[in-house]
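Survey of secondary and tertiary structure
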Amino acid sequence: MSVKTEGIRIAEIPADIEWAMLIAYHRGKLETIKESAFYEKYKMFSRQNDMVVTPKGCSAVRVEREIPISHLEKKCLQALSEKKRAKGIAMANDICKQYRRTGRYFDEILESVGGGKG
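Being a predicted model, the structure only gives us computed values, none of them experimental.

1. Observations regarding the pattern of salt bridges
- Taken as a whole, this structure holds 4 salt bridges when the rule is applied.
- Across the pair E18 and K41 runs a salt bridge, and its minimum N-O distance is 3.2 Å. Remark: K41 occurs in helix α2 (residues 37-48) and E18 occurs in helix α1 (residues 17-26); sequence separation between them is 23 residues.
- A relative accessible area of 32% places E18 in the partly exposed class.
- Given the relative accessible area of 42%, K41 is considered partly exposed.

2. Side note on the environment of E31
- Looking at the element boundaries, E31 is found in the loop between α1 and α2.
- For E31, a relative accessible area of 36% translates into the label partly exposed.
- Counting along the chain gives 79 residues from E31 to L110, while the straight-line C-alpha distance between them is 9.7 Å.
- At 3.1 Å, the side chain of E31 forms a polar contact with the side chain of K34.

3. Considerations on the nonpolar core
- Judged by nonpolar contacts, M21, L22, A24, Y25, L30, I33, Y39, Y42, I109 and L110 together constitute the single largest core of 10 residues.
- Those elements that provide at least two residues to this core are α1, α2 and α5 (106-112).
- Top element by residues in this core is α1. It accounts for 4 residues.
- In this structure L30 touches M21, A24, Y25, Y39, Y42 and L110, once residues within four positions along its chain are discounted.

4. Observations regarding the packing of α1 against α2
- In contact at an axis separation of 10 Å, α1 and α2 are set at 85° when each is read in the N-to-C sense. With respect to α2, the element α1 is oriented roughly perpendicular. From α1, E18, M21, L22, Y25 and H26 reach across to α2, where they touch F38, Y39, K41, Y42, K43, F45 and S46.
- Taken together, the residues of the contact of α1 with α2 sort by class into 7 nonpolar, 2 polar and 3 charged.

Analysis parameters
- Residues numbered from 1 in each chain as written.
- Predicted model: local features only at pLDDT ≥ 70, side-chain atom pairs only at ≥ 80, totals over all residues.
- Heavy atoms only, no water.
- Salt bridge = Lys/Arg side-chain N within 4 Å of Asp/Glu carboxyl O.
- Helix = DSSP H or I, 4+ residues; strand = E, 2+ residues; numbered from the N terminus.
- Buried < 20%, exposed > 50% of the residue type's maximum accessible area, 1.4 Å probe, protein only.
- Polar contact = N/O pair within 3.5 Å; in protein donor to acceptor, adjacent residues only side chain to side chain.
- Core = buried A, V, L, I, M, F, W, Y, C linked by side-chain atoms within 4.5 Å.
- Contact = heavy atoms within 4.5 Å.
- Axes fitted to C-alpha atoms, helices over the stretch in contact; angles between N-to-C directions.
- Parallel < 35°, antiparallel > 145°, perpendicular 65-115°, else oblique.
- Nonpolar A, V, L, I, M, F, W, Y, C, P; charged D, E, K, R; others polar.

Below, the structure is given as structure tokens:
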């Protein structure tokens, strides 16, 4: 894969609440608060940056070539992928246990800005 970054506005977003809310915006989960400053923040951020979730950002990513792999290589890669996935799930579960109820759910965040269901 290659990414042509010339002419693309890039923003690095740490995997935190800002990232989560930006993803929620792009998935249409903030529609209930469309008139709020909270919504406008993510709308403007999205307009100011060409992220991979925008058509312009996606068009910058290109598959250079496909490389055929053997059945054995495929099995090894699948096993490695499953191992990494299990590790990621375990890490997410640990984070959930460690930070249980120290944050807010999306519906609680939306409700706090006046547009959530409740």
